[in-house]
Each structure stands twice: as structure tokens, then as C-alpha cells.
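Architecture and fold: a report
Listed here are the chains, written in short residue letters.
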Amino acid sequence: AARVNNRLIVKSFEPNPEIIQNLQKNIEANNLKERIEIFPIALGQNIGASRLYLPHNDLASSSATLNPSASKFFEVKTSTLDDLFAIESVDLMKIDVEGFESEIFAGGRKVLERCKPIILAEALTQNELNRQQSILSECGYLNPISVAPGSEGDHRNFIWCSKKDEQKVKSIIGESKREFVNH
């Protein structure tokens, strides 16, 4: 995103140190150091610390979780959107945290209500989608739009927007490709 729009500032939150190293190499290789900032923390509902579990021994895997079902883990700092963006504006968010998306939304209600960023988020289960819907509707968001309706693509990614961005989102994804999810 930062490569396409030279006015864009990207803030990346990644608690896994192995992935941070790969991310930094990618940023440097693409000459984007001035526009992408990496925060070595996990976002969630609380400020503090937590254990990040790996379902296998590959520390560089992107499938880490806060669910203690795996044996390998490491300690990570945690923070909230509300704490980190108390006075900053947020226009767009992409969240893929393996089933903990609603935890990030719960820790960011003030930012979501104030800024109403367009959000691309994953929902691995119907229960997770329902939790996201519950929080985001209270913050002024419309029903989500499925990113890949009627295709062989991934049906677990959704776009969330408020009324102010509805037409912008529809024009980007195209009227014929949109599918609002109703609960």
C-alpha cells in the first residue's frame, strides 16, 4: 500500500520477532523505511503482556495465536488501538490475527467510533464474524461485505465500513461483486 500511495503512512503491528526481521528486510528492499513503522507488539483488548503460542516449532510462521493449545510460546507486549491512536487518525485497517480480530476491535472502540476507518478483516468462524458484527455495529459500521462472494476465493475476509464510506467501497469493489452479509 505504501508503494502505491507515497502520501500513505503504514503502521504495522507484529509481535513475532522472526517475522519482524523478514518484514524489515522487505521494507528496506522496497525503499519504504520512511513510510512504514513496525511496532513489535500484539494488539488486543488490554495493555500489558501475553503469551504468543506457535502450533509448531517454526518461529517464523505467521500462524501464531494467543490460544494456549500449542506447546511453544514466547512473551509479547500487548496494547490497544485506543491507547496507540488516542489522538491520531486512522483511515484504513487490515487485520488478520487468526480469530482474535474482535479482541482488537474491543480494544479500539474509541478509535473506531471517532475515525470510522475502512476495515478489511478475517473471520475464521461464524461466531467470530458475529462478535465482530456486535462490536462494529455499536461503533457505527454497516453489515460487512464479503470480499470474494460467489467465487472459489477465500470467503473468510470481509470489508467493514460506515455509511460515510459506503459509496467509496462499493465503487472500488464494483456493484456486481458485492455481497452484504446479513446476520
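Chains are numbered independently. Their residues run from 1 in the order of the written sequence. With the structure being a predicted model, the display of local features is reserved for residues of pLDDT at least 70 and the display and counting of side-chain atom pairs for 80 or more, all residues being used for whole-chain, interface and lining totals. To obtain the side-chain values, all non-hydrogen atoms of the structure were used and water was disregarded.

So, about the overall build of the protein. Helix and strand labels come from DSSP, where a helix needs a run of H or I of at least four residues and a strand needs a run of E of at least two; each type is numbered from the N terminus. When you go through the protein residue by residue, the secondary structure sums to 6 helices and 9 strands. Here the protein holds 183 residues, and the buried ones make up 40% of them. Counted over contacts in the protein with a minimum sequence separation of 6, partners at least 24 positions apart contribute 67%. Residue burial is assigned from relative accessible area. The probe radius is 1.4 Å, only protein chains are included, and a residue is buried under 20% of its type maximum, exposed over 50%, and partly exposed in between. Two residues form a contact once any of their heavy atoms are found within 4.5 Å.

Further remarks concern the side chain of Ser-12. Relative to the helices and strands, Ser-12 resides in strand 1 (residues 10-13). Leaving out residues up to four positions away in the same chain, Ser-12 has contacts with Leu-23, Glu-37, Ile-38 and Phe-39.

Now for the sheet that holds strand 7 (residues 118-122). Spatial strand order, 6-7-9-8: 4 strands in an open sheet with mixed pairing. The two strands at the open ends of the sheet, each matched to only one other strand, are strand 6 (92-95) and strand 8 (145-146). Here strand 7 runs beside strand 9 (residues 157-160); their pairing, made up of 4 bridges, is antiparallel. Residue pairing across strands places Glu-122 opposite Asn-157, the latter belonging to strand 9. The axes used here are C-alpha line fits, helices contributing only the stretch in contact, and every angle between their N-to-C directions lies in the interval 0 to 180 degrees. Contacts from helix 5 (residues 126-138) reach strand 7 and strand 9, with the element oriented near 5° to strand 9. When DSSP finds two or more bridges between a pair of strands, those strands are recorded as paired.

The subject of this paragraph is the packing of aromatic side chains. Two rings from Phe, Tyr or Trp (for Trp, the six-membered ring) form a pair when their centres are within 6.5 Å of each other. A pair whose planes differ by under 30 degrees is stacked, one over 60 is edge-to-face, and the rest are tilted. Overall, the coordinates contain 2 aromatic pairs when judged by the stated rule. Aromatic side chains Phe-13 and Phe-39 sit 4.8 Å apart centroid to centroid with 20° between the ring planes, which places their arrangement in the stacked category. Here Phe-39 lies in strand 2 (residues 36-39) and Phe-13 lies in strand 1, a separation of 26 residues in the sequence. With centroids separated by 6.0 Å and ring planes inclined at 70°, the aromatic side chains of Phe-13 and Phe-85 adopt a geometry described as edge-to-face. Remark: Phe-85 occurs in the loop between helix 2 (81-84) and strand 6 and Phe-13 occurs in strand 1; sequence separation between them is 72 residues. Residue Phe-13 is classed as partly exposed on the basis of its relative accessible area, which comes to 21%. Ring pairs connect the aromatic residues Phe-13, Phe-39 and Phe-85, which therefore count as one cluster.

Looking now at the environment of Pro-17. Relative to the elements of secondary structure, Pro-17 occurs in helix 1 (residues 17-29). Taking the C-alpha atoms as reference points, Pro-17 and Pro-40, 23 residues apart in sequence, are found 7.4 Å from one another.

Moving on, we get to the sheet that holds strand 5 (residues 72-79). Here 3 strands make up an open sheet; going across it, the order is 3-5-4 and the pairing mixed. A single partner strand is all that each edge strand has here, and the edge strands are strand 3 (42-43) and strand 4 (48-54). Across 7 bridges, strand 4 lies against strand 5 in antiparallel orientation. Residue pairing in the sheet places Arg-51 in a bridge with Glu-75 of strand 5.

The next thing to look at is the pairing of strand 2. Note that strand 1 and strand 2 share 4 bridges and pair parallel. Its bridge partner lying in strand 2, Lys-11 is registered against Glu-37. The crossover handedness rule: strands pointing away from the viewer, path from first strand over the helix to second strand clockwise, crossover right-handed. With respect to chirality, the unit in which strand 1 leads through helix 1 into the neighbouring parallel strand 2 is right-handed.

The values reported here are purely geometric and, on their own, carry no functional implication.
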